[in-house]
Amino acid sequence: MTRPAVDAFALSADMLPADDAVARLLDLVTPVAETERVPLMDARGRVLAEDIVSDRNVPPHDNSAVDGYAVRFADLSTEDETRLPITMRIPAGIVPDRPLSAGEAARIFTGAPVPEGADTIIPQEPCRAGDDTVVLPPVRKAGQNLRRKAEDIGVGDTILAAGRRLHPAEIGFMASVGVAEPLVRRRVRAAVFSTGTEVRDPGGDAPPGAIYDSNRFVLMGLLADMGCKVSDYGILPDDPAALKDALARASAEADVVLTSGGVSTGEEDHIKPVVEDLGRLDFWRVAIRPGRPLAVGRVGEAVFVGLPGNPVAAFVCFCMFARPMILRRMGVADVLPRPIPVRAGFAFKKRAGRREWLRASLTGRDEDGLPVAERFPTEGSGILRSVVVSEGLLALPEEPSQINPGDVLEFLPFERLTG
Ligand code: AMP
Ligand code: MG
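Residues numbered from 1 in each chain as written. Chains lettered and ligands numbered in written order. Predicted model: local features only at pLDDT ≥ 70, side-chain atom pairs only at ≥ 80, totals over all residues. Heavy atoms only, no water.

Engineer: So what's going on with the overall build of the chain? Residues and values would help.
Structural biologist: When helices and strands are tallied, the chain shows 7 helices and 28 strands. Taken over the C-alpha trace, the chain has a radius of gyration of 30 Å; the compact-globule value for 419 residues is 22 Å, which it surpasses by more than 25%. Counting all 419 residues of the chain, 49% fall into the buried class. Contacts spanning at least 24 positions in sequence make up 71% of the contacts within the chain whose residues lie at least 6 apart. Both charge centroids of the chain, one from 49 positive and one from 60 negative side chains, sit 1 Å from each other. (Helix = DSSP H or I, 4+ residues; strand = E, 2+ residues; numbered from the N terminus. Rg over C-alpha atoms; globule rule 2.2 N^0.38 Å. Buried < 20%, exposed > 50% of the residue type's maximum accessible area, 1.4 Å probe, protein only. Contact = heavy atoms within 4.5 Å. Lys, Arg positive; Asp, Glu negative; His and termini not counted. Charge placed at Lys NZ, Arg CZ, Asp CG, Glu CD.)

Below, the structure written as structure tokens:
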């Protein structure tokens, strides 16, 4: 992340800029040390704990990209048809037992090793084959339709580095060099609970004054999608004793404890004193919107992240702060999301000195081909719909207080903030 200049007057002294908060969160963790070997299909979503170095070439030999005829280019006419005897037949999986001699054609199939001596493959479609001979069309260029040995992977290549997350393509890439049980880091254990005497589980009653819990389901889903082992600690009332007990249990079992709600400064917000009682609070004031305040600390070995109660703020703070920290704990090498430059399609007033994230969608392109982002019309951090109907978060940098149409901003599609 680049670090924009901050308007010092708009920030109170104890408020951390967003980038500093991320840096401090990352400093709190190291990758989980324990590793295990798992079968390929269980490696999906896991983090590689070793470099994968290939001990073979892929493809292992020059092979045909099509069904057709392997020939020597020098035997063909560039202007007329050429008739050649078919002297070999090479299906995929069979290694030719001799080179192709001058004046011969070999019937060959996709993926089959190309016989020594052949340098060009003619696809079968323009050819006319008889029993023992084939009439080949004029050919102007040598080397066509041949896939070269090692064109994907060579012996000794590091095909994937430790710290890489394993998605289906990476799994297949390892399979292609014969790796069956990669070494991965153990899953990060995450414990989640919601706080708030008014908060209820869907499925039960929500009497007047009560609301249904949405945060816990968002957070548990985000963590599960990251490959964490998630423990559900349910909903806790705004009661210091209950919070203390749950936080003590959760931090003994988990690497990361996430809560939502109860981190403001009202009399009913008990999370911060409880964390200070059991462990240490690192910071809780960050110059952002939505999401102030966000409480970060340690309880025992666990990192504690107290997310705001408002659903949009909880989601945004998870993606921008908790997620990079958890990725680092997982052992992932690249933990920061990569933004896409876009142009604002709107004007917007913000407070200087504060990083803000709007929910936004890409609606088209401007004359230079840059995508244009439109914001969700309302900013309320309780409006979860804004996340559901938008495509991502648009970051408004600290210093300006006015965003104008055409300003270039950083857009983070939700796919780069989740999973
Ligand atoms: P708090 O940070 O506890 O003051 O909560 C801020 C707002 O978010 C309040 O309106 C809460 O009712 C709401 N809220 C807190 N926790 C949740 C939750 N788990 N799901 C949905 N809304 C919540
Ligand atoms: Mg609350």
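Moving on from the model shown.
Engineer: Which residues make up the site of ligand 1, and what are the values?
Structural biologist: The full set close to ligand 1 counts 15 residues, and Glu-198, Asp-213, Ser-214, Gly-262 and Gly-309 are the nearest of them. The separation between an oxygen atom of ligand 1 and a polar main-chain atom of Gly-309 is 3.2 Å. Alone, ligand 1 offers 480 Å² of accessible surface; in the complex the protein occludes 76% of this. At the level of elements, β13 (189–195) and β15 (211–212) are the ones that each hand at least two residues to the shell around ligand 1. A breakdown of the residues in the shell around ligand 1 according to their chemical character gives 4 nonpolar, 9 polar and 2 charged. (Near = heavy atom within 4 Å. Polar contact = N/O pair within 3.5 Å; in protein donor to acceptor, adjacent residues only side chain to side chain. Areas by Shrake-Rupley, 256 points an atom, 1.4 Å probe, with all protein chains shown as cover. Nonpolar A, V, L, I, M, F, W, Y, C, P; charged D, E, K, R; others polar.)

Engineer: Got a sec to walk through the environment of Asp-67? Specific residues and values, please.
Structural biologist: If you trace the backbone, Asp-67 turns up in the loop between β3 (63–64) and β4 (68–71). For the pair formed by Asp-67 and Ala-92, sequence separation is 25 residues and the distance between their alpha carbons is 9.9 Å. When neighbours within four sequence positions are excluded, Asp-67 is seen to be in contact with Arg-107, Ile-108, Phe-109, Thr-110, Ile-122, Pro-123 and Gln-124. In terms of polar contacts, Asp-67 uses its side chain to reach the backbone amide nitrogen of Thr-110, at 2.8 Å.

Engineer: Which residues make up the pairing of strand β28 (residues 408–413), and what are the values?
Structural biologist: In terms of strand pairing, strand β22 (residues 340–344) meets β28 through 4 bridges, oriented antiparallel. Residue pairing for β28: Val-342 is matched across the bridge by Leu-409. For strand β26 (residues 392–396) and β28, the ladder comprises 4 bridges, and the chain directions are antiparallel. Within β28, the residue paired with Leu-394 across the bridge is Phe-411. (Pairing = 2+ DSSP bridges.)

Engineer: Residues and numbers for the packing of aromatic side chains, please.
Structural biologist: Tallying each qualifying case throughout the model produces 3 aromatic pairs. Centre to centre, the rings of Phe-315 and Phe-414 are 5.5 Å apart; their planes meet at 80°, and the pair counts as edge-to-face. In this pair, Phe-315 is assigned in helix α6 (residues 311–330) and Phe-414 in the segment after β28, connecting sequence segments 99 residues apart. With relative accessibility at 7%, the residue Phe-315 sits in the buried group. (Phe/Tyr/Trp six-rings, centres within 6.5 Å; stacked < 30°, edge-to-face > 60°.)

Engineer: Report on the pattern of salt bridges, specifying residues and quantitative values.
Structural biologist: If you walk through the whole model with that rule in mind, you get 24 salt bridges. Between Arg-186 and Asp-255 there is a salt bridge; the shortest N-O distance is 2.9 Å. In this pair, Arg-186 is assigned in the loop between β12 (183–185) and β13 and Asp-255 in the loop between α4 (240–253) and β17 (256–260), connecting sequence segments 69 residues apart. Like Arg-186, the residue Asp-255 is buried in the burial classification. Between Arg-343 and Asp-368 there is a salt bridge, with the nearest N and O atoms lying 2.6 Å from each other. Here the residue Arg-343 occupies a position in strand β22, and Asp-368 occupies one in the loop between β24 (355–365) and β25 (371–375), the gap between them amounting to 25 residues. Beyond isolated ion pairs, a larger network of salt bridges with shared partners links Glu-34, Arg-186, Arg-189, Asp-255 and Arg-329. (Salt bridge = Lys/Arg side-chain N within 4 Å of Asp/Glu carboxyl O.)

Engineer: Describe the environment of Ile-326, with residues and values.
Structural biologist: One can find Ile-326 in helix α6. Once the C-alpha coordinates of Ile-326 and Arg-147 are considered, the two residues, 179 residues apart in sequence, prove to be 42 Å apart. Not counting residues up to four positions away in its chain, the partners in contact with Ile-326 are Val-188, Leu-223, Met-226, Cys-228, Val-256, Leu-258 and Phe-318.

Engineer: Break down the nonpolar core for me, with residues and values.
Structural biologist: In terms of nonpolar packing, the biggest core is built from 52 residues, with Phe-318, Phe-321 and Ile-326 touching the most fellow members. Of all elements in the fold, only α1 (18–27), β13, α3 (215–226), β17, β21 (302–307), α6 and β26 reach the threshold of two or more residues within this core. The biggest single contributor to this core is α6, with 14 residues. When residues no more than four places from it in sequence are discounted, the contact partners of Phe-321 are Ala-18, Ala-21, Val-22, Leu-25, Val-286, Ile-288, Leu-294 and Trp-357. In this structure, Ala-191, Ala-254, Val-263 and Val-275 belong to the second largest nonpolar core, which totals 19 residues. (Core = buried A, V, L, I, M, F, W, Y, C linked by side-chain atoms within 4.5 Å.)

Engineer: Let's hear about unusual backbone geometry: which residues, and what values?
Structural biologist: With an omega dihedral of -5°, the bond running from Val-58 to Pro-59 counts as a cis peptide bond. Cis geometry marks the peptide bond from Arg-292 to Pro-293, where omega comes out at -5°. One can find Pro-293 in the loop between β19 (288–289) and β20 (295–299). In the Ramachandran plot, Asn-145 falls in the positive-phi region, its phi being about 60° despite a non-glycine side chain. If you trace the backbone, Asn-145 turns up in the loop between β9 (133–136) and β10 (146–147). The phi dihedral of Ala-150 falls on the positive side, at around 65°, and the residue is not glycine. By secondary structure assignment, the location of Ala-150 is in the loop between β10 and β11 (158–160).

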